[in-house]
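Structural description and commentary
This is what each chain is made of:
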There are 2 protein chains.
Amino acid sequence: AVKESLDNFLVSVQIDEEVAKLLQLKAQLGGEDGKHQFVLKTPKETLTGKYGEDSKLIYDLKDQGGELLSLRYDLTVPFARYLAMNKITNIKRYHIAKVYRRDNPAMTRGRYREFYQCDFDIAGQYDAMIPDAECLKIVHEILSELQLGEFCIKVNDRRILDGMFAVCGVPDEKFRTICSTVDKLDKMSWEDVKKEMVNEKGLSEEAADQIGEYVSMRGGMDLAERLLQDQKMCQNKQACAGLSDIKLLFSYLQLFQVTDKVVFDLSLARGLDYYTGVIYEAVLTQAGLPPLANDSQNGASSEESAGVGSVAGGGRYDGLVGMFDPKGRKVPCVGVSIGIERIFSIMEQKAEASAEKVRTTEVQVMVASAQKNLLEERLRLVTELWSAGIKAEVMYKKNPKLLSQLQHCEEGGVPLVAILGEQELKDGVVKLRVVSTREEVDISRADLIAEIKRRTSEA
Amino acid sequence: AVKESLDNFLVSVQIDEEVAKLLQLKAQLGGEDGKHQFVLKTPKETLTGKYGEDSKLIYDLKDQGGELLSLRYDLTVPFARYLAMNKITNIKRYHIAKVYRRDNPAMTRGRYREFYQCDFDIAGQYDAMIPDAECLKIVHEILSELQLGEFCIKVNDRRILDGMFAVCGVPDEKFRTICSTVDKLDKMSWEDVKKEMVNEKGLSEEAADQIGEYVSMRGGMDLAERLLQDQKMCQNKQACAGLSDIKLLFSYLQLFQVTDKVVFDLSLARGLDYYTGVIYEAVLTQAGLPPLANDSQNGASSEESAGVGSVAGGGRYDGLVGMFDPKGRKVPCVGVSIGIERIFSIMEQKAEASAEKVRTTEVQVMVASAQKNLLEERLRLVTELWSAGIKAEVMYKKNPKLLSQLQHCEEGGVPLVAILGEQELKDGVVKLRVVSTREEVDISRADLIAEIKRRTSEA
């Protein structure tokens, strides 16, 4: 709620920014190749025709200062626009920022229309599958380090899908729409998916059944090799190119030691139009996950990743930058989008479950007093601790009750209390109290800093 | 320029957000005490009458969905609004975010209409001057740690100013406007300030001259004590309250060991209306500072702090939260605003001057190869290093030239290169190259990680 209302306000004071900036931008961009720049400064057009059937999730904006505008739907398209606008031909960067979806918000389930995404992308003309493998390595590392439980990273290739559609007799113009139907396999049964293909999208029974066979396949490098021998598949250039790259990818993933979690899955078909090669999606497979949250918000769209545990997604998009370049110069890119809010909600639930308190402060020690009139002594000591680089605090009261000082620590999860009293001052010691165990020991002033550092480094 | 264009785009896609959010907010806020909430959701009104003569710097916004709107001018008023809206009675927080000024932008000098501020505030009913002293301690610590050169923190109190104006015979209704004239003393001579008081603001010569005597005074606790004895001052309740608090403040600052840099300066008169007590401003006093940059942007307004080296400002504002509370409940606050962009521009200039390269990557070691066909070996090694928590990278090429790998390190400031060649592989070693000295040593694979950690921790 706190976050909510802050956001709301920040937002409600920022409308003018956009108008002002647009005018400024207009001024800046007026000039020679105005056409190119016009495209760049009309994001609505920027976003058009990149999200396939998910375009309906894009926030449109009525004409503003004569410009069609939308909210960014992800961080990928803006990144590509940025590379083109600044003629950057290789870069590796991460970006954490807000994106917007015209989705039904469900605050209680942690699903918002405005939410954070965390993207990592590698742009540049490199040898096949090396950066792609690094992206998967990073997803594997993040999900392992965060200890979110069992997970699996599904991998596929847009060219394999297209090749598959071709050899199954799907008409070219139906590739994209059939693709987004296939993509629903993680939340719909094959029967329903087939129904949609045949009844809604007018695909032949036979074509649908052939697709059905392929999309049930899962495996690793072995599956890629098998499909390279597949009579139908091997006749399709695109499919073969994709399958050879999957093989190469897995050879790198072996060296990165992440093949345990990566599975080649022909049913993975992320809905976005801009992918040109490898696509992937990370899914938490452990039972007992929190209820559906941000399922459209892990860097994928609601179409792509209703999988309860879907927490990351991405792929290769070699054509996107070229769309923004006046001369159409291409910059190959591969990237991944982490469903950071989804992951936070899971971590919060785990923290609650484990009853471990999520600390709201980094304070390591509170300098407290047992009797009155010791404010100066407290300020003197906290200054010592601050100078030693220890995160310490005092209550801003002349004569706080010891109990209220201790309570403050219990509530805030402050692990240590350095208690000063007349006796301690006489003896040249400080009573160091461990909040969790309530154990208390007298430490000489000379040893205090070392002792605090020792105890806090343990923690 | 990079930052610029990114920002511009992000902005140009975000207009709709505000409209959408407003409508959402509208829906959420519709209800019981709508009046209160109405005030909260009309930021224009929120901002009105808090910045005195600086109000002209507030970005207004024409009617949007029936609401008057402005861009936030600082982080202080939104913070107060937030406390009131969420009924928070004590909190200590920092906040780094963008604010907006309808100022003449001067990109070349690093002055923008949109810029970052970094605020720290302590809200709550506490004993006098303890949180205030901590704010000054923090400013002192930041400026010392960042090694920006000599600095000084001017301190004054709004009540001392008002008392001074009263005893000097300034009519009540002229306090604020005379105050902002006094505030110009850091960029105007006293003669010109006096002229403005007398000619433009219709103050009597005599009153102006009396003010002139006071505002020339600088000192420490001693000055506060002297002024408490001052025949005129001591007759004014407000002044006395302010002076006693300055005394108390200095006693705490002594314990915090920061009095070396803090000066009680009666000419400090920050222009903002919302201050009710202590006010302060940090100024870099070293010569050879970069040309005027963000001089209106160190958390102060252009009125307040044209001082070339002004990098932080703040004070106590006990009335602001109450203005937003339907029942007028007050929450005393004190805070400081750091001119973070100003500070960055100074640090960048220092870096350039010292010719030290500002690193654009955290990579500690690049895994390179001396011959062809060693990609797999590179990937294997970089995986080892990653597992050991070392920041490492490889070039995404099958057979990169050694020279281009080394150049990449020189350009990016990557300190170490772990070079693999057939010979090294045979010998079970890695050639570790120090980029700066070009020194190369063979390290056995078993010792490599320890050696890299040793060398990078030194750096």
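Residues numbered from 1 in each chain as written. Chains lettered and ligands numbered in written order. Predicted model: local features only at pLDDT ≥ 70, side-chain atom pairs only at ≥ 80, totals over all residues. Heavy atoms only, no water.

**A few points about the overall build of chain A**
Under the convention used in this document: Numbering of helices and strands runs from the N terminus; a helix is a DSSP stretch of H or I covering at least four residues, while a strand is a stretch of E covering at least two. Every residue pair with non-hydrogen atoms within 4.5 Å of one another is taken to be in contact. The protein chains shown are the only cover counted for residues, whose accessible areas, like all others here, come from Shrake-Rupley with a 1.4 Å probe.
Helix and strand counts for chain A come out as 18 helices and 15 strands. For chain A, contacts bridging at least 24 residues in sequence account for 68% of all contacts bridging at least 6. As displayed, chain A offers around 18900 Å² of accessible surface, 53% of which is attributable to carbon and sulfur atoms.

**Quick notes on the packing of helix H7 (residues 158-167) of chain A against helix H10 (residues 205-215) of chain A**
All names here are of chain A. Inclusion rule: Axis lines are fitted through C-alpha atoms, for helices just across the contact stretch, and the angle between N-to-C directions can take any value from 0 to 180 degrees. Left-handed describes a crossing in which the near helix is turned anticlockwise from the far one by less than a right angle; the clockwise case is right-handed.
Packing of H7 against H10 brings their axes to within 9 Å, and their N-to-C directions diverge by 145 degrees. Crossing of H7 over H10 shows right-handed handedness. Of the residues in H10, those touching H7 at Met164, Phe165 and Val167 are Gln210, Ile211, Tyr214 and Val215.

**What to know about the UniProt feature "binding site: L-histidine" (unreviewed entry) in chain A**
Residues and elements named next belong to chain A. Heads up, the rule is: UniProt positions are given in the numbering used here, feature names are shortened, and annotations may be inferred rather than shown by experiment. Buried, partly exposed and exposed residues are distinguished by accessible area as a fraction of the type maximum, computed with a 1.4 Å probe on protein chains only: under 20%, between the cut-offs, and over 50%, respectively.
Mapped onto the present numbering, the UniProt feature "binding site: L-histidine" (unreviewed entry) falls at Asp74, Leu75, Thr76, Arg101, Gln117, Asp121, Arg270, Tyr274 and Tyr275. Considering the arrangement of structural elements, one finds Asp74 in the loop between strand E2 (67-70) and helix H5 (76-85). Asp74 gets classed as buried once you look at its relative accessible area, which sits at 2%. Along the chain, the position of Arg101 falls in the loop between strand E3 (91-100) and strand E4 (114-123).

**Focus on helix H12 (residues 237-255) of chain A**
Residue and element names in this part refer to chain A. Rules: A helix is expected to span 1.5 Å multiplied by its residue count minus one.
Its 19 residues place the ends of H12 28 Å apart at the C-alpha level, agreeing with the 27 Å of an ideal helix rising 1.5 Å per residue. Of all the residues in H12, the buried ones are Ala239, Cys240, Gly242, Leu243, Asp245, Ile246, Leu249, Phe250, Ser251, Tyr252, Leu253 and Leu255. Where H12 terminates, the next one or two residues include Gln257, which has phi positive at roughly 60 degrees.

**As for the pattern of salt bridges**
Residue and element names in this part refer to chain A. Worth spelling out the cut-off: The term salt bridge refers to a pairing of a side-chain nitrogen on Lys or Arg with a carboxyl oxygen on Asp or Glu at a separation within 4 Å.
The full count for this structure, using the stated rule, is 58 salt bridges over all chains. One salt bridge connects Arg270 with Glu281, and the closest N-O pair in it is separated by 3.0 Å. Of this pair, Arg270 sits in the loop between strand E7 (262-265) and strand E8 (278-284) while Glu281 sits in strand E8, placing them 11 residues apart in sequence. Residue Arg270 is classed as buried on the basis of its relative accessible area, which comes to 0%. If you follow the salt bridges from partner to partner, you end up with Glu439, Glu451, Arg454 and Arg455 in one network.

**Some words on helix H15 (residues 375-387) of chain B**
All names here are of chain B. Relative to the 18 Å expected for 13 residues at 1.5 Å per residue, H15 spans 18 Å between its end C-alpha atoms, a close match to the ideal helical length. Taken together, the buried positions of H15 are occupied by Leu375, Arg378, Leu379, Leu381, Val382, Thr383, Leu385 and Trp386. Of the residues trailing H15, Gly389 is marked for its positive phi of about 80 degrees.

**Describing a nonpolar patch on the surface**
Filter applied, for reference: Like charges within 9 Å and nonpolar side chains (Val, Leu, Ile, Met, Phe, Trp, Tyr) within 5 Å are joined into patches, using only residues over 30% in relative accessible area that form no salt bridge.
Judged by side-chain polarity, A:Tyr94, A:Ile96 and A:Tyr116 come together as a nonpolar surface patch covering roughly 330 Å² of accessible area. Note on placement: A:Tyr116 falls in strand E4.

**Remarks on the sheet that holds strand E6 (residues 218-219) of chain A**
Residues and elements named next belong to chain A. Applied cut-off: Between any two strands, at least two bridges found by DSSP are needed for them to pair.
Reading across from one edge, E3-E4-E10-E9-E8-E5-E7-E6 is the order of the 8 strands in this open sheet, with mixed pairing throughout. Both edges of this open sheet fall to E3 and E6, since each of them pairs with a single strand only. Where E6 meets E7, 2 bridges bridge the pair, whose relative direction is antiparallel. Residue pairing in the sheet places Gly219 in a bridge with Phe264 of E7. Seen against the sheet, H5 touches E3, E4 and strand E10 (333-338) and runs at an angle of roughly 45 degrees to E4. Lying over the sheet, H12 contacts strand E5 (151-157), E6, E7 and E8, oriented at roughly 170 degrees with respect to E7.

**Some remarks on unusual backbone geometry**
Peptide bonds are trans in most cases, and residues, glycine excluded, mostly fall at negative phi. Residue and element names in this part refer to chain A. A positive phi angle, near 60 degrees, is found at Gln257, a position not held by glycine. With respect to the helices and strands, Gln257 occurs in the loop between H12 and E7. For Asn373, which is not glycine, the phi torsion reads 55 degrees and is therefore positive. Its location among the elements puts Asn373 in the loop between strand E11 (365-369) and helix H15 (375-387).

**A closer look at the packing of aromatic side chains**
Rules: Within 6.5 Å between ring centres, the rings of Phe, Tyr and Trp (the latter by its six-membered ring) count as paired, and their orientation is classed by plane angle as stacked under 30 degrees, edge-to-face over 60, tilted in between. Criterion for a charge above a ring: Arg CZ or Lys NZ at most 6 Å from the ring centre, at most 35 degrees from the ring normal.
Tallied over the entire structure, the rule returns 10 aromatic pairs over all chains. Considering the side-chain rings of A:Phe165 and A:Phe175, the 5.8 Å spacing of their centres and the 50 degrees angle between planes classify their relative orientation as tilted. Separated by 10 residues along the polypeptide, A:Phe165 in helix H7 and A:Phe175 in helix H8 (residues 175-182) bring together distant segments of the chain. Like A:Phe165, the residue A:Phe175 is buried in the burial classification. An aromatic cluster is defined as three or more aromatic residues linked by ring pairs; in this entry it consists of A:Tyr274, A:Tyr275 and A:Tyr317. Here the guanidinium or amino end of B:Arg93 rests over the ring plane of B:Phe79, the centre of that ring lying 4.0 Å away.

**Observations regarding the pairing of strand E13 (residues 416-420) of chain B**
The side chains of a regular strand alternate, residue by residue, between the two faces of the sheet. Residues and elements named next belong to chain B. The buried fraction of E13 amounts to 5 of the 5 residues, a majority that puts the element mostly inside the structure. By the alternation rule, side chains of E13 split into Leu416, Ala418 and Leu420 and Val417 and Ile419, which are all buried. Judged from the 5 bridges that link them, strand E11 (residues 365-369) and E13 form a sheet pairing that is parallel. Paired with Met366 across the bridge in E13 is Val417. Sheet analysis places E13 next to strand E14 (residues 429-434), joined by 4 bridges and oriented antiparallel. Within E14, the position partnered with Leu416 by the bridge is Val434.

**Remarks on the sheet that holds strand E13 (residues 416-420) of chain A**
Residues and elements named next belong to chain A. Taken in spatial order, the 5 strands make up an open sheet running E12-E11-E13-E14-E15, and their pairing is mixed. Lying at the two open borders of the sheet, with one neighbouring strand each, are strand E12 (392-393) and strand E15 (440-444). Sheet strands touched by H15: E11, E12, E13 and strand E14 (429-434). Its angle to E11, the strand with the most contacts, is close to 160 degrees. Sitting on the sheet, helix H16 (residues 402-412) is in contact with E11, E12, E13 and E14, with an inclination near 170 degrees to E11.

**Here's the deal with the pairing of strand E15 (residues 440-444) of chain B**
All names here are of chain B. With 5 bridges joining them, E14 and E15 adopt antiparallel strand pairing. Residue pairing for E15: Lys431 is matched across the bridge by Asp442. Where E14 folds back onto E15 in an antiparallel hairpin, the turn is made up of 5 residues, including Arg438, whose phi is positive at roughly 65 degrees.

**What to know about the side chain of B:Ser310**
Residues and elements named next belong to chain B. Note the threshold: By the criterion applied in these results, polar contacts are pairs of N or O atoms within 3.5 Å in which, for protein atoms, one can donate a hydrogen and the other can accept it, and in which residues neighboring in sequence qualify only through two side-chain atoms.
For Ser310, the location among the structural elements is in strand E9 (residues 310-316). Note on Ser310: relative accessible area 1%, which makes it buried. Engagement of the side chain of Ser310 in a polar contact is seen with the side chain of Glu281, the distance being 3.2 Å.

**Looking at the side chain of A:Gln117**
Tracing the backbone through its elements, the reader meets A:Gln117 in strand E4. Reaching out from A:Gln117, the side chain makes a polar contact with the side chain of A:Ser337 at a distance of 3.1 Å.

**Observations regarding the packing of helix H7 (residues 158-167) of chain B against helix H8 (residues 175-182) of chain B**
All names here are of chain B. Counted only if it meets this: Should an angle lie under 35 degrees it is considered roughly parallel, over 145 roughly antiparallel, and from 65 to 115 roughly perpendicular; all remaining angles are considered oblique. Each residue receives one of three labels: charged for Asp, Glu, Lys and Arg, nonpolar for Ala, Val, Leu, Ile, Met, Phe, Trp, Tyr, Cys and Pro, and polar for the others, Gly being one of them.
The geometry of H7 relative to H8 is characterised by a closest axis approach of 11 Å and an angle of 110 degrees between their N-to-C directions. It follows that H7 is roughly perpendicular to H8 by the angle criterion. For the pair H7 and H8, the contacting residues are Arg158, Leu161, Asp162, Phe165 and Ala166 in the first and Phe175, Arg176, Ile178, Cys179 and Val182 in the second. In terms of residue class, the contact of H7 with H8 is built from 7 nonpolar, no polar and 3 charged.

**Topic: the environment of B:Ile142**
Residue and element names in this part refer to chain B. Looking at where Ile142 falls in the secondary structure, it is placed in helix H6 (residues 130-145). Among the residues examined, Ile142 registers a relative accessible area of 28% and is labelled partly exposed. It is 9.2 Å that separates the C-alpha atoms of Ile142 and Ile338, two residues lying 196 residues apart in sequence.

**With respect to the confidence of the model for chain A**
All names here are of chain A. How we decide: pLDDT runs from 0 to 100 and stands for how confident the predictor is about each residue.
Mean pLDDT over chain A stands at 82; residues scoring 70 or higher make up 77%. Note that pLDDT drops below 50 for residues 61-67; the model gives that stretch 15 contacts with residues more than four away or on any other chain. Considering only residues more than four positions removed or in separate chains, one finds that residues 291-307, a stretch of pLDDT under 50, has 72 contacts.

**Some remarks on the environment of A:Ile343**
Residue and element names in this part refer to chain A. Counting through the fold element by element, Ile343 comes out in helix H14 (residues 340-353). Taking the C-alpha atoms as reference, Ile343 lies 45 Å from Leu374; in sequence the two are 31 residues apart. Apart from the residues within four sequence positions on either side, Ile343 is in contact with Leu143, Leu146, Leu148, Val311 and Ile338.

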